[in-house]
Amino acid sequence: KDIDIHSLCEHHMLPFTGTVHIGYIPNGKIIGLSKLARIAEVYARRLQVQERLTSQIADAVVEAVDPLGVAVVIECSHFCMVMRGVQKIGAK
């Protein structure tokens, strides 16, 4: 919960920052908390869109531990929403 992430929007080349929450139901194997943060960081370093980032993190957890279920929630502030266009500062 509350893993900080920073990435660049592939459409606007502007940053988006926020937190990711990862949860899964173990199926015999478990993964350390630092590994979950590392998975989120690896995918966030690429040019991204938030929707793809969410599914890539979930897929990586499934591949690593084959859980019964996995959930990923990402809450970000997009600078393309804050600086350009609608300029909604509190939008997430």
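The paragraphs below set out a description of the structure included in this document.

What counts, and at which threshold
- Residues numbered from 1 in each chain as written.
- Predicted model: local features only at pLDDT ≥ 70, side-chain atom pairs only at ≥ 80, totals over all residues.
- Heavy atoms only, no water.
- Helix = DSSP H or I, 4+ residues; strand = E, 2+ residues; numbered from the N terminus.
- Polar contact = N/O pair within 3.5 Å; in protein donor to acceptor, adjacent residues only side chain to side chain.
- Contact = heavy atoms within 4.5 Å.
- Pairing = 2+ DSSP bridges.
- Core = buried A, V, L, I, M, F, W, Y, C linked by side-chain atoms within 4.5 Å.
- Buried < 20%, exposed > 50% of the residue type's maximum accessible area, 1.4 Å probe, protein only.
- Axes fitted to C-alpha atoms, helices over the stretch in contact; angles between N-to-C directions.
- Parallel < 35°, antiparallel > 145°, perpendicular 65-115°, else oblique.
- Left-handed = near helix turned anticlockwise from the far one by under 90°.
- Nonpolar A, V, L, I, M, F, W, Y, C, P; charged D, E, K, R; others polar.

### Some thoughts on the side chain of His 78
- Of note, His 78 is situated in strand 4 (residues 69-78).
- Only 2.6 Å separates the side chain of His 78 from the side chain of Gln 50, close enough to count as a polar contact.
- Discounting residues that sit within four places of it in the chain, His 78 has contacts with Pro 15, Phe 16 and Gln 50.

### Quick word on the sheet that holds strand 1 (residues 3-9)
- Taken in spatial order, the four strands of this open sheet run 3-1-2-4, and their pairing is mixed. The sheet is open, and its two borders are formed by strand 3 (47-48) and strand 4, each paired with just one other strand.
- Bridge count for strand 2 (residues 15-25) against strand 4 is ten bridges, and the pairing is antiparallel. Paired with Phe 16 across the strands is His 78, a residue of strand 4.

### Structural notes on the nonpolar core
- Within the largest apolar cluster, 22 residues are counted, with the highest numbers of intra-cluster contacts made by Ile 5, Val 20, Ile 22, Leu 53, Ile 57, Val 72 and Ile 74.
- Broken down by secondary-structure element, the contributors of at least two residues to this core are strand 1, strand 2, helix 1 (33-44), helix 2 (50-65) and strand 4.
- Ranked by residues supplied to this core, first place goes to helix 2 with six residues.
- In contact with Ile 22, other than residues within four places in its own chain, are Ile 3, Leu 36, Ile 57, Val 61, Ala 71 and Val 72.

### Details of unusual backbone geometry
- Residue Met 13 is not a glycine yet carries a positive backbone phi of 55°.
- Among the structural elements, Met 13 can be located in the loop between strand 1 and strand 2.
- Of note, Asp 66 is a non-glycine position whose phi angle comes to about 45°, a positive value.
- By the element assignment, Asp 66 lies in the loop between helix 2 and strand 4.
- For Asp 66, a relative accessible area of 48% gives the class partly exposed.

### Section: the pairing of strand 1
- Sheet topology note: the strand 1/strand 2 ladder contains six bridges and is antiparallel. Opposite Leu 8, over in strand 2, you have Pro 15 as the bridge partner.
- Turn length for the strand 1-strand 2 hairpin, with the two strands adjacent in sequence and antiparallel, is five residues, and the turn residue Met 13 shows positive phi of about 55°.
- In this structure, strand 1 lies alongside strand 3, joined through two bridges in parallel fashion. Looking across to strand 3, one finds that Cys 9 is bridged to Gln 48.

### A word on the packing of helix 1 against helix 2
- In the contact formed by helix 1 and helix 2, the axes pass within 10 Å of each other and the chain directions differ by 140°. By the angle class used here, helix 1 and helix 2 are oblique. For the pair helix 1 and helix 2, the sense of crossing is right-handed. For the pair helix 1 and helix 2, contact is made by Leu 36, Ile 39, Ala 40, Tyr 43 and Ala 44 and by Leu 53, Gln 56, Ile 57, Ala 60 and Val 61, respectively.
- In terms of residue class, the contact of helix 1 with helix 2 is built from nine nonpolar, one polar and no charged.

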